[in-house]
Each structure stands twice: as structure tokens, then as C-alpha cells.
Amino acid sequence: MSSGLQERDEIVRLLSGAPSVALACHVGPDGDALGSMLGLGNALRERGTQVVASWGGAPFRVPAAYDFLPGLDLLVPPEQFPAAPEVFVALDTASADRLGTLADRVTSAQCCVVVDHHASNTRFGGVNLVDVSAAATAVLVADLLERMGEPLTQEVAAPLYTGLVTDTGSFKYVATTPSVHELAARLLATGIRHDLITRAIYDNAPFGYVQLLGRACANAQLVPDAVGGLGLVSCVVAAEDLARSGLGLADVEGVIDVLRVAQEAEIAVVLKGDPLEGGFKVSTRSKGAVDVGAVCTALGGGGHRFAAGFTSHEDGEGTLARLRAELDAAPHLPV
Ligand code: AMP
Ligand code: MN
Ligand code: MN
């Protein structure tokens, strides 16, 4: 069942009638942020709508893993983003502050539409399609486009498939329903090269990354009695190490997926030093016994129940101590 039917109808009406639409996604965009935004952007452009897309954070550089996406030419740096768009759509963005320097468009736009699936979503738009059961924002975009009668071209399908594959952890997470696979089948039926897409995202990085991954894993700490005895594994990727390796924050998104393999730990945490702003971007993952979304929301961040993050301006030790205190106090869910 689709939730938010009224909102879906309203968004279809808005997108079908607007001569120009401005799209944005969360800062530090991931596969679903970029994929849902560019999938929608490409579809709107194909029907003759004027489209721009952006995110409000530095650096304004598409992460290397996603530089194959069709529709990158829709991107404008945030400084060139319209000051008062007619229709502004925020995709995969849980709260206005996650729009970074574009957050003011929420109020300056004639109409602000939110399309998202985060449990922590604050419903900051004028129209809010927030479906927490959706595996990815790309799923919601695919549904909106179907309602609009837009054809699924390869230019639309490739970004949407990117959002779907990344937010389901390659179709492994619990949100991977039969309808997720049905959507994947429809996207593949357009003839997109899913093998090249997943290779670009997961199996293609500079050698410097492989070495940095080794260092990150070698310095990882396992604390079996943390989180009320459920176990915590953590590691730090220092900003200096990133700089030395010629890598950015976006290039080390995958470190957490290696760390969370440790069977002794329910919770995995990666502290990523921010080379531009200082402090740490913190990624957390749970295997199902702790709602890390609630934990990270309490720490000023947000996310999903089992994959969430926050930004910390403390040092590494202080950050981990604050997170550990919050994790220790978190209720254990039935698994
Ligand atoms: P990541 O660990 O960066 O892959 O993020 C996991 C999930 O948490 C994603 O859905 C992010 O959008 C969300 N998230 C990460 N950092 C933050 C933050 N500072 N504020 C709100 N949500 C976040
Ligand atoms: Mn995202
Ligand atoms: Mn998402």
C-alpha cells in the first residue's frame, strides 16, 4: 500500500504544471540523494520542464563513485541556485538544516515539496511525502513518475536504480520487499547496464583507498561490553589520512560496510574527520537490536533505524564517549 496518497496527487499536480522546477538533496549526497534527484530531474527535463539540481554544501563535487550518472549537467553550484524557485523539491532530506546553504529556499520558494523516507523527517515542506516504509527515496520518485505517466527511459532508470541499490545495501536490508525487486526489474528492463553501475559504485576505487581501508581496520577497536553487552566496533578515519591519500569524505562511505561485519558487535561506528569543516562525520549501523536513528537524532543528527549519522565538533574520544553514553541508554529492540 502506498501511504500519502493525497500528497502524491498534489505533487503530481505541481510537477505536471510547473514550467520550472528546482531540485535539491542533502549535503554530502549519497547514491539515493543523487539518484532520486537526477532520476526526477531527467524525467522532468524529458517532458520539457526547466530543471536545475544542487545541494548546499562544500565541496560541490560529485563523488567519484557517482560520476557516471546521467543528468549531471542539470547540476548547478548552490550559489547559482534560483533564489526563489517556483517549485522547490527537497529529496532524501530529513530536515531543512540538511539542505546546508539551500535551507532558506524552504521559505523563499513559492512551494516547497519534500519527498523522503527518513524516520527522523521533520516535515518541513508545504507538501510532505514522507514514507518511512519506502526502501529509498528513489522508490517514491518512481511512483510519482508512474502517476505522471512519464516513460521510464534509461536516463531516468539508471539514477533510480543507483538510489535503490545503495539504500538497500545491494538488496540485502530488511526494507527489500517484493515490490523493491519488481521496481528493480522494471528499471533493468530499460536496458541499463546494472553491472557497470554497481561496479562504479562498489568495485572501483583508487589503490590509496584500499590502503586507507587497511589502516582504518587495523586501528579499529572492539568493546564487547559496550551497548549493554551487545558490543561496539569503531574506527577513525582521520582528516589528515584522507588528505594524504588524496581522498574526500564521500570516498570513504564504504568503510562502515567492512567494519560492521565484525560479529562480536551489534553496533558499528566510523568517525570520519572532516577535512574542510573540522570535527567528525559519524556513521552508525545497527544489526537490529538498537534504533541508532533515535540515538543519532538525540545527538543532533538523524537517519534510519539501523543506519544513521551525526556531526560532532568534539575530538574523537569525546565524540565516542558521548555516543557510547547514548547507546548504553538506548532500549534493546526485540530481534
Ligand atoms: P551515512 O552513515 O552517512 O551513510 O548515513 C546513514 C543515514 O543517516 C543516511 O540516511 C543519512 O542521510 C543519515 N545521516 C547521516 N548523517 C546525518 C546527519 N548529520 N543528520 C541527519 N541525518 C544524517
Ligand atoms: Mn541519503
Ligand atoms: Mn535515502
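Preceding this paragraph is the structure being described.
Cut-off values and rules
Residues numbered from 1 in each chain as written. Chains lettered and ligands numbered in written order. Predicted model: local features only at pLDDT ≥ 70, side-chain atom pairs only at ≥ 80, totals over all residues. Heavy atoms only, no water. Helix = DSSP H or I, 4+ residues; strand = E, 2+ residues; numbered from the N terminus. Rg over C-alpha atoms; globule rule 2.2 N^0.38 Å. Buried < 20%, exposed > 50% of the residue type's maximum accessible area, 1.4 Å probe, protein only. Contact = heavy atoms within 4.5 Å. Areas by Shrake-Rupley, 256 points an atom, 1.4 Å probe, with all protein chains shown as cover. Lys, Arg positive; Asp, Glu negative; His and termini not counted. Charge placed at Lys NZ, Arg CZ, Asp CG, Glu CD. Donors = N, O, S within 2.8 Å, 3.2 Å for Na, K, Ca; no water. Pairing = 2+ DSSP bridges. Phe/Tyr/Trp six-rings, centres within 6.5 Å; stacked < 30°, edge-to-face > 60°.

Caption draft 1: A look at the overall build of the protein. The number of helices and strands found in the protein is 13 helices and 11 strands. Radius of gyration (C-alpha) of the protein: 19 Å, near the 20 Å computed for a compact globule of 335 residues. Taking the principal axes of the C-alpha coordinates as reference, the protein spans close to 55 × 40 × 40 Å. For the protein, the residues scored as buried account for 50% of the 335 residues in total. Counting only contacts in the protein whose residues sit at least 6 apart along the sequence, the fraction spanning at least 24 positions is 66%. Accessible area for the protein stands at about 14,400 Å²; split by element, carbon and sulfur atoms hold 53% of it. Charge separation in the protein, taken as the distance between the mean sites of 23 positive and 39 negative side-chain charges, equals 2 Å.

Caption draft 2: How the structure looks around the coordination of the manganese ion (ligand 2). Summarising the metal site, the manganese ion (ligand 2) is bound by the protein donors His-26 (NE2), Asp-30 (OD), Asp-30 (OD) and Asp-92 (OD), whose distances to it range over 2.1 to 2.6 Å. Summarised as a motif, the one-chain spacing of the donors to the manganese ion (ligand 2) is H-x3-D-x61-D. Here the manganese ion (ligand 2) and the manganese ion (ligand 3) are spaced 3.8 Å apart, and both take Asp-92 as a donor. Here Asp-92 lies in the loop between β3 (87-91) and α3 (105-108) and His-26 lies in the loop between β1 (20-25) and α2 (31-46), a separation of 66 residues in the sequence. The same class applies to His-26 as to Asp-92, namely buried.

Caption draft 3: Spotlight on the pairing of strand β7 (residues 232-237). Counting buried positions along β7 yields five of six residues, so the element is predominantly enclosed. Two strands pair when backbone bridges link them, and strand β6 (residues 221-223) and β7 are joined in this way by three bridges, in the antiparallel orientation. Opposite Gln-221, over in β7, you have Ser-234 as the bridge partner. Note: β7 against strand β8 (residues 267-273), six bridges, orientation parallel. Bridge assignment links Val-236 to a residue of β8, and that residue is Leu-271.

Caption draft 4: View of the packing of aromatic side chains. Applying the stated criterion across every chain, the model contains three aromatic pairs. Here Phe-81 and Phe-88 contribute two aromatic rings whose centre-to-centre distance is 5.9 Å and whose plane-to-plane angle is 80 degrees, an arrangement assigned as edge-to-face. On the accessibility criterion, Phe-81 (3% relative accessible area) is buried. Note on Tyr-161 and Phe-171: the rings are 6.0 Å apart at their centroids and 50 degrees apart in plane angle, and the pair reads as tilted. Here Phe-171 lies in the loop between α5 (154-167) and α6 (178-188) and Tyr-161 lies in helix α5, a separation of 10 residues in the sequence. Taking the relative accessible area as the measure of exposure, Tyr-161 reaches 6% and is therefore buried.

By themselves, these figures tell us nothing about what the structure is for.
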